[in-house]
Amino acid sequence: MSSSKQRDYLFDNYKAFLIVLVVIGHFIEKSYDNNLFLTTLKWLIVSFHMPAFIFISGYFSKRKLPFRVLIQKLVIPYLIFELLYYFLYVMIIHKPTGLYLMYPKFSLWYLQALFFWRLLTPYVKKIPHYMIITIAAGLLIGCSTMSGNLLSIPRTLVFFPFFLAGTDFDREKLTLLRTRRNRIVAVILIAAFTVFLILNPYCRTVSPKVFYGRYNYHFLGQTVTEGILCRCICYLIGFVMALAVALLISGKKTCYSYIGTRTMAIYLFHGLVYSTIKGCSGILSDVHSPAESMLLILFCVILVGILSIPQLSTMTAAISNINPSLFYVPYQDPFYYSRYWWVFH
């Protein structure tokens, strides 16, 4: 059987769609309050794009990987891109920062969280009712007064249920659900949610950051009761919207299916582009009219196309295949580290 027949193009197409939303969601961050179209789009995107991405990551993470491989595939790329961000901030943007490896810069939280999800999932799934427990953890972390984004702990806990659900997911169930009737229901649900976002003034007074998973309830201006209730609703919307969109995505090979195989490179490199543009100009805040909004969205789609070139994916793959032993310095004698102090400073 040829490799083309073995690929699941539905997930390739879904990931291609999601990575476009990720890029758009970041690039409209500074201007989504400027008009109703961008506000609605921002709420739509954040309501499900990361839950869906994380769910798919879980689906493709059913196999337990050795700790050494997790270091190779996730920790080393994280460290390298943290260095890239550091030099970008210091040398090009001139933004005061430090090399805070425990506090991921911009979108690198996802690599850090993915490392912990893949590391912990085999053990968490041995616990009875683990899904209920992880959802409870995601709700309770919102009560924390933890400052900053230490080790991406808030997002790791909030989004963990989506990853676990992906590891439990049976692909055949999705095939059975993709009936004409269910697709019509999916269209109605998405349309109804969109109309709700447009007409409901609540979306103009509350920040879409309630879906980010990073911020505690106090930061969001909520009481503990309000925050837990809101996050429960976010969980429900995330699962329902992710499934509804999955029912509508094409399962056939398309002209953009290949993008779904290169999402990691796009995810990592688009952040460098976004940070540069945001740090060096105010253009992303100065988007007001519908025409300007559409131009920004078109730019994001073109950027995804540019970042999907095979060279960047090859580079990303090469980084994730670096042998971890290259960073290991064996113990030699009591004076070894003093002779080679420059390696560690």
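Calculation criteria
- Residues numbered from 1 in each chain as written.
- Predicted model: local features only at pLDDT ≥ 70, side-chain atom pairs only at ≥ 80, totals over all residues.
- Heavy atoms only, no water.
- Helix = DSSP H or I, 4+ residues; strand = E, 2+ residues; numbered from the N terminus.
- Rg over C-alpha atoms; globule rule 2.2 N^0.38 Å.
- Buried < 20%, exposed > 50% of the residue type's maximum accessible area, 1.4 Å probe, protein only.
- Contact = heavy atoms within 4.5 Å.
- Areas by Shrake-Rupley, 256 points an atom, 1.4 Å probe, with all protein chains shown as cover.
- Lys, Arg positive; Asp, Glu negative; His and termini not counted.
- Charge placed at Lys NZ, Arg CZ, Asp CG, Glu CD.
- Core = buried A, V, L, I, M, F, W, Y, C linked by side-chain atoms within 4.5 Å.
- Expected span 1.5 Å × (residues − 1).
- Arc of directions from axis to C-beta.
- pLDDT = per-residue confidence, 0-100.
- Salt bridge = Lys/Arg side-chain N within 4 Å of Asp/Glu carboxyl O.
- Phe/Tyr/Trp six-rings, centres within 6.5 Å; stacked < 30°, edge-to-face > 60°.
- Lys NZ or Arg CZ within 6 Å of the ring centre and 35° of its normal.

Student: Which residues make up the overall build of the chain, and what values go with them?
Tutor: Each helix and strand counted, the chain has 16 helices and zero strands in total. Rg of the C-alpha trace for the chain: 21 Å, near the compact-globule value of 20 Å for 345 residues, within the 12% margin. Here the chain, with 345 residues, has 47% of them falling under the buried criterion. If you take every contact in the chain between residues at least 6 apart in sequence, the share linking residues at least 24 apart comes to 80%. In the form shown here, the chain has an accessible surface area of approximately 18,100 Å², with 70% of it arising from carbon and sulfur atoms. When the 31 positive and 12 negative side-chain charges of the chain are each reduced to one mean point, those points stand 6 Å apart.

Student: How would you explain the nonpolar core if you had to name every residue and give the values?
Tutor: Burial of nonpolar side chains together is a common tendency in soluble globular proteins. Ranked by size, the top nonpolar core spans 99 residues in total, and within it Tyr14, Ile19, Ile54, Trp109 and Trp117 carry the most contacts. Tallying contributions element by element places helix α3 (residues 36-59) first for this core, with 14 residues. If we skip the residues at most four places from it in the chain, isoleucine 54 touches Trp109, Tyr110, Trp117, Phe159, Phe162 and Phe163.

Student: Tell me about the side chain of serine 31, and please be specific about residues and values.
Tutor: Take serine 31: it is sitting in the loop between α2 (9-27) and α3. Aside from chain neighbours lying at most four places away, what touches serine 31 is Leu38, Leu284, Ser285, Val287 and Leu296.

Student: Hey, could you go over helix α13 (residues 290-307) for me, with residue numbers and the actual values?
Tutor: Here α13 contains 18 residues, and its C-alpha end-to-end distance of 26 Å stays within 8% of the 26 Å for a straight helix at 1.5 Å per residue. Those residues of α13 that fall on the buried side of the exposure criterion are Ser293, Leu296, Ile297, Cys300, Leu303, Val304 and Leu307. For α13, the angular spread of buried residues about the axis comes to 115°, placing them on one side. Its buried side turned inward, α13 meets α2, α3, α12 (263-280) and α14 (310-319).

Student: Got a sec to walk through the environment of alanine 265? Specific residues and values, please.
Tutor: Turning to its location among the elements, alanine 265 is positioned in helix α12. Residues contacting alanine 265, with those up to four places away along its chain left out, are Leu312, Ser313 and Thr316.

Student: Requested: an account of the side chain of serine 313, with residues and values cited.
Tutor: Tracing the backbone shows serine 313 in helix α14. Since its relative accessible area comes to 17%, serine 313 is described here as buried.

Student: Break down α14 for me, with residues and values.
Tutor: Those residues of α14 that sit buried are Leu312, Ser313, Thr316 and Ile319. Around the axis of α14, the buried residues are gathered within 120° of arc, so they sit on the same side. Pointing more than 90 degrees away from the buried face of α14 are the exposed residues Gln311 and Thr314. Contacts from the buried residues of α14 go to α4 (67-93), α12 and α13.

Student: Account for the confidence of the model for the chain, naming residues and giving values.
Tutor: When pLDDT is averaged along the chain, the result is 91; 92% of the residues meet or exceed 70. The model gives residues 331-345 a pLDDT under 50, and that stretch makes seven contacts with residues more than four places away or in other chains.

Student: Break down the pattern of salt bridges for me, with residues and values.
Tutor: Within this structure, the stated rule accounts for five salt bridges. One salt bridge in this structure joins lysine 105 and glutamate 82, with 3.8 Å as the shortest N-O distance. Here glutamate 82 lies in helix α4 and lysine 105 lies in the loop between α4 and α5 (109-124), a separation of 23 residues in the sequence. A salt bridge links lysine 125 to aspartate 168; its shortest N-O distance comes to 2.6 Å. Placement of the pair is lysine 125 in the loop between α5 and α6 (130-140) and aspartate 168 in helix α7 (residues 153-168), with a sequence separation of 43 residues. On the basis of relative accessible area, lysine 125 is assigned to the partly exposed category, the value being 29%.

Student: I'd like a description of the packing of aromatic side chains, backed by residues and values.
Tutor: Taken as a whole and judged by the stated rule, the model has 25 aromatic pairs. Each ring, one from tyrosine 59 and one from phenylalanine 169, has its centre 6.1 Å from the other, and the planes form 70°; the classification is edge-to-face. A residue pair is termed long-range when its members are at least 10 positions apart, and tyrosine 59 in helix α3 and phenylalanine 169 in the loop between α7 and α8 (171-177) qualify at 110 residues. On the basis of relative accessibility, which here comes to 15%, the residue tyrosine 59 falls in the buried class. With a relative accessible area of 17%, phenylalanine 169 lands in the buried category. One aromatic cluster in this structure is built from Trp109, Tyr110, Trp117, Phe159, Phe162, Phe163, Tyr235, Phe239 and Tyr267. One residue, lysine 95, lies across the ring of tyrosine 89, its end atom 4.6 Å from the ring centre.

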